[in-house]
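# Per-entry structural report
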Amino acid sequence: MSTPPVDYLIIGSGIAGLSLALKAARHHSVTIVTKDRLPESNSAYAQGGIASVWDPEDSFAAHIQDTLTAGAGLCHLDVVEAVVSEGPERIHELIALGTNFSRRPGSEDAEYDLGMEGGHSHRRILHASDATGQEIIRALIAAVRQQPSITILEKHMGVDLLTASGPSGSECWGAYVLDLETNQVKTLTARVTALCAGGAGKVYLYTSNPDVATGDGLAMAYRAGVPVANLEFFQFHPTCLFHPRARSFLISEALRGEGAILRRPGGAPFMAQYHPRAELAPRDVVARAIDREMKTHGFPHVLLDISHRDADFLRQRFPSIFRHCLEFDIDLTKEPIPVVPAAHYLCGGVVTDLHGATAINRLYAAGEVAMTGLHGANRLASNSLLEAVVFAHRVFCHAETFLAIDTRTPPAFSDWNPGQAVSNDEMVVVTHTWEEIRRLMWNYVGIVRSTRRLDRARRRIALIQEEIRDYYWNFLVTGDLLELRNLATVAELIIRCASLRRESRGLHYTLDYPETNDQHWGHDTVVELDQANNHTAG
Ligand SMILES: Cc1cc2nc3c(=O)[nH]c(=O)nc-3n(C[C@H](O)[C@H](O)[C@H](O)COP(=O)(O)OP(=O)(O)OC[C@H]3O[C@@H](n4cnc5c(N)ncnc54)[C@H](O)[C@@H]3O)c2cc1C
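All of these numbers come straight from a predicted model, not from anything done at the bench.

### Focus on the pattern of salt bridges
Any two side chains of opposite charge can pair, given that their charged atoms come close. Applying the stated rule across the entire model yields 36 salt bridges. Between E89 and R90 there is a salt bridge whose closest N-O contact spans 3.5 Å. The exposure class assigned to R90 is buried, which follows from its relative accessible area of 4%. Between E232 and R501 there is a salt bridge, with its nearest N and O atoms 2.6 Å apart. Of the two residues, E232 is situated in the loop between strand 10 (228–229) and strand 11 (234–241) and R501 in the loop between helix 14 (479–500) and helix 15 (518–521); the sequence distance between them amounts to 269 residues. Several salt bridges converge on common partners, so that one network encompasses E232, R501, E503, R505 and D518.

### Examining the sheet that holds strand 3 (residues 50–51)
Taken in spatial order, the three strands of this open sheet run 3-5-4, and their pairing is antiparallel. Each end of this open sheet is capped by a strand with a single partner; those strands are strand 3 and strand 4 (114–115). Pairing between strand 3 and strand 5 (residues 125–126): two bridges, direction antiparallel. For A51, the partnering residue across the bridge sits in strand 5 and is I125.

### Here's the deal with the site of the ligand
Taken together, 38 residues surround the ligand, and among them S43, G49, G158, E368 and S384 come closest. In isolation the ligand offers 1,000 Å² of accessible surface; the protein chains occlude 98% of this area. Every element with two or more residues in the shell around the ligand is listed here: helix 1 (15–24), helix 2 (42–45), strand 7 (156–166), strand 14 (337–346) and helix 11 (383–405).

### Side note on the sheet that holds strand 14
The four strands are arranged 11-14-13-12 in an open sheet whose pairing can be described as antiparallel. Of all strands in the sheet, those bounded by a partner on one side alone are strand 11 and strand 12 (261–263). Going across the sheet, the axis of each strand differs from the next one's by a mean of 45 degrees, ignoring polarity. Bridge count between strand 13 (residues 302–305) and strand 14: three bridges; the pairing is antiparallel. Looking at the pairing, L304 lines up with I337 of strand 14.

### Some remarks on the nonpolar core
V203, Y204, I437, M441 and I494 are the most contacted members of the largest nonpolar core, which has 72 residues in total. Sort the elements by how many residues they give to this core and helix 14 lands first, with 13 residues. Setting aside its immediate chain neighbours within four residues, Y204 contacts F234, F236, A343, R438, M441, W442, V445, G446, R449 and I494. In terms of nonpolar packing, the next biggest core, distinct from the first, is built from 53 residues, V80, V144, A194 and A357 among them.

### Here we look at helix 6 (residues 216–224)
Buried residues dominate helix 6, accounting for seven of its nine residues. Of the residues making up helix 6, those classed as buried are D216, G217, L218, A219, M220, A221 and Y222. With its phi angle positive at about 105 degrees, G225 sits one or two positions after the end of helix 6.

### With respect to the pairing of strand 1 (residues 2–11)
In this sheet, strand 9 (residues 184–195) lies alongside strand 1 in parallel orientation, the contact comprising seven bridges. Looking at the pairing, V6 lines up with A190 of strand 9. In terms of strand pairing, strand 1 meets strand 2 (residues 30–33) through four bridges, oriented parallel. Pairing of Y8 across the sheet is with V30, part of strand 2.

### Things to note about the confidence of the model for the chain
Low pLDDT marks stretches whose predicted atomic positions should not be read closely. Mean pLDDT over the chain: 93, with 97% of residues reaching 70 or higher. pLDDT under 50 marks residues 531–538. Its contacts with residues more than four places away, or in other chains, come to 15 contacts.

### What to know about the pairing of strand 14
Across the 10 residues of strand 14, 10 count as buried, placing the element largely inside the fold. Relative to strand 14, strand 11 runs antiparallel, the two being bridged by six bridges. Looking at the pairing, C240 lines up with V340 of strand 14.

### Things to note about the packing of aromatic side chains
Evaluated as defined, the whole model comprises 10 aromatic pairs. Residues Y204 and W442 carry aromatic rings whose centres are separated by 6.5 Å and whose planes lie at 75 degrees to one another, so their mutual orientation is edge-to-face. Here W442 lies in helix 12 (residues 427–444) and Y204 lies in the loop between strand 9 and helix 6, a separation of 238 residues in the sequence. For Y204, a relative accessible area of 0% translates into the label buried. Members of the aromatic cluster, each reached through a chain of ring pairs, are Y204, Y206, F234, F236 and W442.

### Focus: the environment of T207
Among the secondary structure elements, T207 is positioned in the loop between strand 9 and helix 6. For the pair T207 and H344, spaced 137 residues apart in sequence, the C-alpha separation works out to 5.9 Å. There is a polar contact of 2.9 Å between the side chain of T207 and the backbone nitrogen of N209. Of the polar contacts made by the side chain of T207, one reaches the backbone oxygen of A343; its length is 2.7 Å.

### So, the state of the cysteines
In the structure shown here, the tally under the stated rule is zero disulfides. C75 takes part in no disulfide bond, and the closest cysteine sulfur to it belongs to C347, at a distance of 9.1 Å. A relative accessible area of 14% means that C75 is categorised as buried. In this model C240 remains outside any disulfide bridge; the closest cysteine sulfur is found in C325, 11 Å from its own. Look at C240 and you get buried, because its relative accessible area is 3%.

Procedures and definitions
Residues numbered from 1 in each chain as written. Predicted model: local features only at pLDDT ≥ 70, side-chain atom pairs only at ≥ 80, totals over all residues. Heavy atoms only, no water. Salt bridge = Lys/Arg side-chain N within 4 Å of Asp/Glu carboxyl O. Buried < 20%, exposed > 50% of the residue type's maximum accessible area, 1.4 Å probe, protein only. Helix = DSSP H or I, 4+ residues; strand = E, 2+ residues; numbered from the N terminus. Pairing = 2+ DSSP bridges. Near = heavy atom within 4 Å. Areas by Shrake-Rupley, 256 points an atom, 1.4 Å probe, with all protein chains shown as cover. Axes fitted to C-alpha atoms, helices over the stretch in contact; angles between N-to-C directions. Core = buried A, V, L, I, M, F, W, Y, C linked by side-chain atoms within 4.5 Å. Contact = heavy atoms within 4.5 Å. pLDDT = per-residue confidence, 0-100. Phe/Tyr/Trp six-rings, centres within 6.5 Å; stacked < 30°, edge-to-face > 60°. Polar contact = N/O pair within 3.5 Å; in protein donor to acceptor, adjacent residues only side chain to side chain. Disulfide = S-S within 2.5 Å.

Encoded structure:
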């Protein structure tokens, strides 16, 4: 089923997709497709905040340097400079939309309260107490809902991109989109398509990400022939709440910024043994230290203790975390919180240039789905929301210029062909395979890797993909099956990138190559369709 073409098709409704939609809607028609309800995204769960130079004592140079240090030699300097220097302007726009960032105690127009997080040399994290993402998304959604030129399609899932060859190479003209409520695949054509589909935490057994984060955007771009890069750099958040009933609830790094101490279950602190900045070390160092403590001593978890701080301060500064822990009978003002690491943020992604443009004309990517070059081998805390808003703006600027010059409308595309497919009643196979991928990735491609484990993972994923292919062509597509196929692709791509990088750097740590090797590996790991064993410097 085809619908009339629009100017912008935006896949995803997190901070990147909504920010872009609002700007694009000033002069053009926009359709947002989103897999769940509008607010459901990684963005809405962001707690800590958004990093930006705000304090007069702080400087762009310091933020740039902190980002480069975290990125361990792989950040693209031009991108870092652009994101850091354009950050304050983008945040002023969020404030103008009505985002209420927390202010220092005092009057309503007191200065903004700037948080401190691991890896930052200054207080520069604007936050809305400990639910920053929720507040930003609230303000963006309120504004988007007032725009008549934006069509919102909830419970609609991007399946595959529509591409055709054009005068200067391959072009993207929209996407096949599955209506998850009717199970009908629609053909949505657009003059510009933006992938804002977020991350892929669900590829691991333990993750801080919500269910929508299955790497769909990454897999769609890869299948269309767009290079993807640096997928070995998956950031594991050091501290997710460990409780049999708690579902991936993150305990913000801001707690460590405010003095929380990591302890063994017996009470002994351990971070000083791993890094001179102890609890304020970059998060990968903290995650690896916890992983090591758990594996060496057989602990099921470690403890995060902030009970020495004033109880009123803690209740005011971390209201959501306080309330959530209390639901599990943990009073953080009085006792330590049991925590484990969990897959959190994908630094790599769809390769874009400085404008968010991909290798396919008319196709852009912004936010967590993209590899812009900002994060390099490791993300500095709270730089991802910033990257998403800065790149949403950059995509907007580039696409507007492009649309003004190129006035062509989409060609005709044939509707999705369901073939001979019959309804799939073998849900158990999908569920089983899904679990298998996530456990395999956790055990073999997790925080600490080795060549043997990666080889084993690669062989197993290849078999799983064969089974999924079989399934894919024999049954009607469903959201679950599409997600499973995408997760398997993302797993394969992470394993390929990790196998190519024969060194340890940033978030990628392998027992077989524990040293950093700048001479051979000081570049991005880029992989493309049908080039399974090749990589090129980015
Ligand atoms: C618990 C948590 C805490 C975090 N805290 C911070 C923080 O304090 N500071 C910070 O900077 N970063 C933080 N992050 C990271 C940050 O939230 C994300 O990197 C950022 O929000 C990504 O924004 P996005 O718009 O790219 O993607 P998302 O916000 O994830 O949005 C992706 C959207 O795409 C949709 N989608 C996915 N696949 C499809 C498909 N096939 N079809 C249609 N729609 C699709 C999803 O439903 C969703 O709407 C945190 C992340 C988590 C999970």
